[in-house]
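Residue strings, one per chain:
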Amino acid sequence: MKKKLTIGILAHVDAGKTTLSEALLYLSGKIRTPGRVDHQNTYLDTYAVERERGITIFSKQARFSTHSCDFILLDTPGHVDFSAEAERTLALLDYAILVISAPDGVQNHTRTLWQLLEHYDVPTFIFVNKTDIAMNRGEDMAAALSKQLSPLCVPFFEQQSKAELDERLAMVSDAWMESVLAGELIDDGEIAEMISARQLFPCLFGSALKLVGIDFFLNTISRYMLSPVYDSEKFGGKVYKINHASGVRLTYLKITGGTLSARDELTYLCEDGRRLSEKISQIRLYSGDKFEQVDTVSAGEICAVIGLSASYVGQGLGTESDTCKPVLEPVLSYQLILPDRYDLRVYYPKLKELEEEEPSLHLYWNEELRQIEVRLMGDIQIDLLKRLIHDRFGMDCELDTGRILYKEKIAKRTVGVGHFEPLRHYAEVQLLMEPQPAGTGLIFDTHLPENSLDLNWQRLILSHLYEKAHRGVLTGALLTDTKITLVAGRAHLKHTEGGDFREATLRAVRHGLMKAGCTLLEPYYKLRLEVPNLCVGRAMTDLTTRHAVFEVESSDEDMTTLVGRAPVATFLDYAREVTSYTRGVGKLSCVSDGYEVCHNQDSVIASVGYDPEADLENTPHSVFCAHGAGFLVHWREVDNYKHLDASAALNTPGESIIPRVSSLGKRYHLSDEELESIMLRTVGPIKRRKYSEPQIISGKDKPKATGRMAVKPNKHMVIIDGYNLIHAWESLAEIAEHSLEKARESLMDILSSYVAYTGVNVTLVFDAYLVKDGVGSDFVHNGYRVVYTKEDQTADAYIEKMMHDLGPDYTVKVVTGDRLLQFSAVHSGISRRTAKEFEEEITAVGNEITEFIRRLSYKKGI
């Protein structure tokens, strides 16, 4: 059977990506004549704006075949303004083809694409185009790719023999080196497996315009690409594009499991949390702007379906989860100005159709200013938006000069209360609000039993959280990196209506933000600056004054490269300065790199002049009822009037932060209470206070490692017997059989992730009892303490002494499989965990991280 493969072509703008697509389609017999960008007759660039500008703006698909493969080709935009469009296709690809212009070499945007391919774990072939006009030889270009991208880049020259290729391949694998030295040939299947695992990147050379090297390239990818294995039973699909054609809404998706037929019914979650069941009325297979209508598609196919009214880009259907938000996001916001005769409120829903088709056009309605705002990557996107609005609606629009897109996050953990009780209405909602790590976005959850508040009301509250673009209280910027959990709620059997919970929910959010305060966040660039050596001093001074954190990546006799991060606000006009003081030699590349705490928060807040209490659309005050009439209660007094008390949620961590580990199933397990009873009968009553579970600390409270030991202010401690844990965990014990040092390193890596995610204060103790003349060591590793005991001192003795020295002000947990040390811990009033229980806890944290990623699909897209 033929291999069915989805491949994508990515490149820096003007590298010849579309020309290569045309060459592949022509030589495979799909088209009679290869189109040219400059002739505006290419097979895939079908939109007028694409042909006029000579660039690809929208990703499109084509189909072609060779003797052994059926290919679905996705052509992606190359311009940096449309990087998000290219990024969306990466989750669909079986293989990627990265095109590099031979005269230009590796460009800054090429490096960005390379990092994205690594992020999405896509096997990659490299095609060096335009070799007919390049000055460098193939060997020199191959060496440059190996240095600038990866040492796993290996040239596959058309004129080389199999033996010569094997000699090159031997440099990337010890096993292949042994085979070559033994006079054996490297099997094609092994080469294909290495490519699939991203342990080898074949580099091929040619000229797509002159059709030089394209036959060899086509034969090579057909030979070394492996067909993916899909689940043939359970349906799964990934939505990557929405389009409107002839009044019909098309949902483009890749089938990743099972089959899909016309008239099948799909049940899925909308972006606002609603569950819909809709029938597929039609399935189309597109190639260029033409399509074939089919009844059934199977796994591996990319199709467009009609019938889904609320699907969205990045959505997972069936067994698939939603894709994470793009790594590259816009950082500038513009006001969209329509002619006076057009009503903004009427046209805003129509304009949102454009955002469905091109999600990188982020359109928002600013209720406070009564204006439409759009978030874009650059000037080309601005021109595209104007053109799309003109072609679709026949009107000309303008955009203002643009401004920095700030965001806010809640400053600390709190419970927000919202109460809405005018006469004959009633609803109260209490929300636990917690800051989250950078890049998390908004997460909504509920930890309320069904017998406390009916499940239908809980779903309604969550839907109200989803539908609102929540704003912070410092500048009114959009809220992000915050988890909001429903922890208490009450309805009235007779007087509560759906709208009551909407009022209570939104007031609870604002109340929590006013109580805890917010932190202002600003967008950051990841920058790369190449300047002549004579200009390095000027460049470093500029970066420092612009609040950049940077380092020297490389330097030769002519040029120096600086890399780092800096606030977007300080770099808006710097590219022109670089061109000026380097006389056109210097290059500045800036890629959006998330949000950090604003470097000039006070001045930004003062310049905006936002008054959260005057924002009537987002009020923090609540409405209570007394003597038959409702009255307004100021947000500072709401806690004194609330009907429910959910303050306990602040004192104990939720299960979503660190699940309790079940001890069921351990045959000879003794509970803490049983151990305590034994100790009472054996050595008398416990003289310290009764042990308690340590409180999990939120991520923002993590201390910086200074000195020998980083101790958190709340004095919680987890002590771990290192070697006991290594020999008790099967995975680590297997490593220890070959190398105890590697087992130690593996355990320390595991604990690094555990500490980073949970914020728990950890001390890891290794026994160096038999180390002759050992003086021991005590240091901080990735935020937690590591101790090697000295000669003649066991880990048990060190841990017992540490438990005693910590004193009664500490809440301590000891992790060990040693029974005597467990008894000692219980007698000292300390919680203990067996090695098995702690392994389950580590697994639970890993599951929590997976669940955390899954929940990103339910956030507002911020």
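Our subject is the structure listed above.
Everything numeric in this text was worked out from a predicted model, so none of it was measured. (Residues numbered from 1 in each chain as written. Predicted model: local features only at pLDDT ≥ 70, side-chain atom pairs only at ≥ 80, totals over all residues. Heavy atoms only, no water.)

1. Remarks on the overall build of the chain
Basically, it comes down to this: Going along the chain from the N terminus, every DSSP run of H or I of four or more residues is numbered as a helix, and every run of E of two or more is numbered as a strand. Think of it in three bands: residues with accessible area under 20% of the maximum for their type are buried, residues over 50% are exposed, and the middle band is partly exposed, with areas taken using a 1.4 Å probe on protein chains only. Should any heavy atoms of two residues lie within 4.5 Å, those residues are counted as being in contact. All accessible areas in this document rest on Shrake-Rupley with a 1.4 Å probe, and a residue is counted as covered only by the protein chains that are shown.
For the chain, the helix and strand inventory stands at 25 helices and 40 strands. By residue count, 53% of the 862 residues in the chain fall in the buried class. Intrachain contacts of the chain at a sequence separation of at least 6 include 71% that bridge at least 24 residues. With an accessible surface of roughly 39300 Å², the chain has 50% of that area assigned to carbon and sulfur atoms.

2. As for the packing of aromatic side chains
For the record, the criterion: Only centres within 6.5 Å qualify two rings of Phe, Tyr or Trp (six-membered ring in Trp) as a pair; their planes then separate them into stacked at under 30 degrees, edge-to-face at over 60, and tilted for everything else. A ring has a charge above it when a Lys NZ or an Arg CZ is no more than 6 Å from the ring centre and no more than 35 degrees off the ring normal.
Counted under the stated rule, the structure contains 22 aromatic pairs. Between the aromatic rings of Trp-457 and Phe-501, the centroid separation amounts to 5.0 Å while the plane-to-plane angle is 40°, which identifies the pairing as tilted. In this pair, Trp-457 sits in helix α12 (residues 455-467) while Phe-501 sits in helix α13 (residues 498-516), placing the two residues 44 residues apart along the sequence. Residue class for Trp-457 comes out partly exposed when judged on its relative accessible area of 24%. Taken together, the ring pairs connect Tyr-240, Tyr-252, Tyr-286 and Phe-291 into an aromatic cluster. One residue, Arg-198, lies across the ring of Trp-114, its end atom 5.8 Å from the ring centre. The lysine or arginine in question, Arg-546, covers the ring of Phe-571, its NZ or CZ lying 5.9 Å from the ring centre.

3. Brief notes about unusual backbone geometry
For Asp-14, which is not a glycine, the phi torsion comes out positive at approximately 70°. Within the secondary structure, Asp-14 sits in the loop between β1 (3-11) and α1 (17-27). Residue classification places Asp-14 among the exposed residues on the basis of a relative accessible area of 56%. The backbone of Asp-481 sits at a positive phi, close to 50°, despite the residue not being glycine. Take Asp-481: it is sitting in the loop between β27 (478-479) and β28 (482-491).

4. Let's talk about the sheet that holds strand β16 (residues 302-306)
To be explicit about the condition: Paired strands are those between which DSSP finds at least two bridges. Axes here mean lines fitted to C-alpha atoms, for a helix over just the part in contact, with angles spanning 0 to 180 degrees between N-to-C directions.
The strand order β14-β13-β16-β9-β8-β17 describes an open sheet built from six strands, whose pairing is antiparallel. The outermost strands of the open sheet, each flanked by one partner alone, are β14 (290-294) and β17 (316-318). With strand direction ignored, the average angle separating the axes of adjacent strands in the sheet is 40°. Pairing analysis gives five bridges linking strand β13 (residues 282-287) to β14, with the strands arranged antiparallel. Along β14, the bridge assignment pairs Tyr-286 with Phe-291. Contacts from helix α10 (residues 344-357) reach β8 (236-245) and β9 (248-257), with the element oriented near 135° to β8.

5. Brief notes about the pairing of strand β7 (residues 201-205)
Among the five residues that make up β7, five are buried, leaving the element largely enclosed by the rest of the structure. Burial along β7 is two-sided: the face carrying Phe-201, Cys-203 and Phe-205 and the face carrying Pro-202 and Leu-204 are both buried. In this sheet, β7 lies alongside strand β5 (residues 124-129) in parallel orientation, the contact comprising three bridges. Across the sheet, residue Val-128 finds its bridge partner in β7, namely Phe-205. As defined by bridge partners, strand β6 (residues 153-155) adjoins β7 across three bridges and the pair is classed as parallel. Note that in β7 the partner of Val-154 across the bridge is Pro-202.

6. Considerations on the sheet that holds β5
One open sheet accounts for seven strands, arranged β2-β3-β1-β4-β5-β7-β6; its pairing is mixed. Edge positions in the open sheet fall to β2 (60-65) and β6, since each of these has one partner strand only. The average angle at which neighbouring strand axes cross in this sheet is 25°, direction not considered. Of the strand pairs in this sheet, strand β4 (residues 95-101) and β5 are connected by six bridges, and their pairing is parallel. Each bridged residue has a counterpart across the sheet, and for Leu-98 the counterpart in β5 is Ile-126.

7. With respect to the environment of Leu-152
By the secondary structure assignment, Leu-152 is in the loop between α5 (138-148) and β6. Take Leu-152: its relative accessible area is 25%, and that puts it in the partly exposed class. Once the C-alpha coordinates of Leu-152 and Arg-198 are considered, the two residues, 46 residues apart in sequence, prove to be 8.7 Å apart. In contact with Leu-152, other than residues within four places in its own chain, are Val-172, Arg-198, Gln-199, Leu-200 and Phe-201.

8. A word on the nonpolar core
As a reminder, the rule being used: What we call a nonpolar core is a set of buried Ala, Val, Leu, Ile, Met, Phe, Trp, Tyr and Cys residues that are connected through their side-chain atoms within 4.5 Å.
Ranked by internal contacts, the top residues of the largest apolar core, which has 76 residues, are Leu-336, Leu-351, Ile-389, Leu-431 and Leu-529. When residues of this core are assigned to their parent elements, the largest contribution, seven residues, is made by α13. For Leu-529, the residues in contact, after removing those within four places along its chain, are Ala-539, Leu-543, Thr-560, Thr-561, Leu-562, Tyr-574, Val-578, Tyr-581, Lys-587 and Leu-588. If you look at the next biggest cluster of nonpolar residues, it comprises 40 residues, including Ala-15, Leu-25, Phe-71 and Tyr-224.

9. Side note on the packing of α12 against α13
The following threshold applies: For classification purposes, an angle smaller than 35 degrees is called roughly parallel, one larger than 145 roughly antiparallel, one from 65 to 115 roughly perpendicular, and anything else oblique. Take the far helix as your reference; a near helix turned counterclockwise from it by less than a right angle gives a left-handed crossing, and one turned clockwise gives a right-handed crossing. Just so you know the grouping, Ala, Val, Leu, Ile, Met, Phe, Trp, Tyr, Cys and Pro go in nonpolar, Asp, Glu, Lys and Arg go in charged, and all remaining residues, Gly too, go in polar.
The contact between α12 and α13 brings their axes to 9 Å, and the two run at 55°. On the basis of the axis angle, α12 is oblique to α13. Crossing handedness for the pair α12 and α13: right-handed. Here Trp-457, Leu-460, Ile-461, His-464, Leu-465 and Glu-467 of α12 come into contact with α13, specifically with Gly-498, Phe-501, Arg-502, Thr-505, Leu-506 and Val-509. Partitioned by chemical class, the residues of the contact of α12 with α13 number seven nonpolar, three polar and two charged.

10. Some remarks on the pattern of salt bridges
Applicable threshold: Salt bridges are identified by distance alone: a Lys or Arg side-chain nitrogen within 4 Å of an Asp or Glu carboxyl oxygen.
One pass over the structure, following the stated rule, counts 32 salt bridges. Between Lys-254 and Asp-94 there is a salt bridge, and its shortest N-O distance comes to 3.1 Å. Here the residue Lys-254 occupies a position in strand β9, and Asp-94 occupies one in the loop between α3 (83-90) and β4, the gap between them amounting to 160 residues. The residues Lys-254 and Asp-94 share a single accessibility class, namely buried. A salt bridge links Lys-515 to Asp-639; the nearest nitrogen and oxygen atoms lie 3.2 Å apart. In this pair, Lys-515 is assigned in helix α13 and Asp-639 in helix α17 (residues 638-641), connecting sequence segments 124 residues apart.

11. Here we look at the packing of helix α14 (residues 536-545) against helix α15 (residues 574-581)
At a closest axis distance of 11 Å, the pairing of α14 and α15 adopts a crossing angle of 165°. Here α14 lies roughly antiparallel to α15, going by the angle between them. Pair α14 / α15 crosses with right-handed handedness. Residues Arg-538, Ala-539, Asp-542 and Leu-543 of α14 form the contact with α15, whose own contacting residues are Tyr-574, Glu-577 and Tyr-581. Class assignment for the residues of the contact of α14 with α15 results in four nonpolar, no polar and three charged.

12. Examining the pairing of strand β35 (residues 716-721)
Along any regular strand, the residues point their side chains to alternate faces of the sheet. Burial analysis of β35 places six of its six residues in the buried class, the great majority of the element. By the alternation rule, side chains of β35 split into His-716, Val-718 and Ile-720 and Met-717, Ile-719 and Asp-721, which are all buried. Across five bridges, the pairing between β35 and strand β39 (residues 811-815) is parallel. Bridge pairing links Met-717 to Val-812 in β39. Sheet analysis places β35 next to strand β36 (residues 762-766), joined by four bridges and oriented parallel. Paired with Val-718 across the strands is Val-762, a residue of β36.

13. Concerning the side chain of Arg-249
So the rule is basically this: Pairing of N or O atoms within 3.5 Å defines a polar contact, subject to two protein rules: one partner must be a possible hydrogen donor and the other a possible acceptor, and residues neighboring in sequence count only if both atoms are side-chain atoms.
Along the chain, the position of Arg-249 falls in strand β9. By relative accessible area, Arg-249 is classed as buried at 15%. Reaching out from Arg-249, the side chain makes a polar contact with the backbone oxygen of Leu-308 at a distance of 2.7 Å. Engagement of the side chain of Arg-249 in a polar contact is seen with the backbone oxygen of Ser-311, the distance being 2.7 Å. Here Arg-249 is in contact with Ile-242, Asn-243, His-244, Val-305, Ile-306, Leu-308, Ser-309, Ala-310, Ser-311 and Glu-356, once residues within four sequence places are set aside.

14. Remarks on helix α7 (residues 174-181)
Here α7 starts with a cap whose side-chain oxygen sits 3.4 Å from the backbone nitrogen of Ala-175, and that cap is Ser-173. Positive phi shows up at Gly-183, right after α7, with a value of about 80°.

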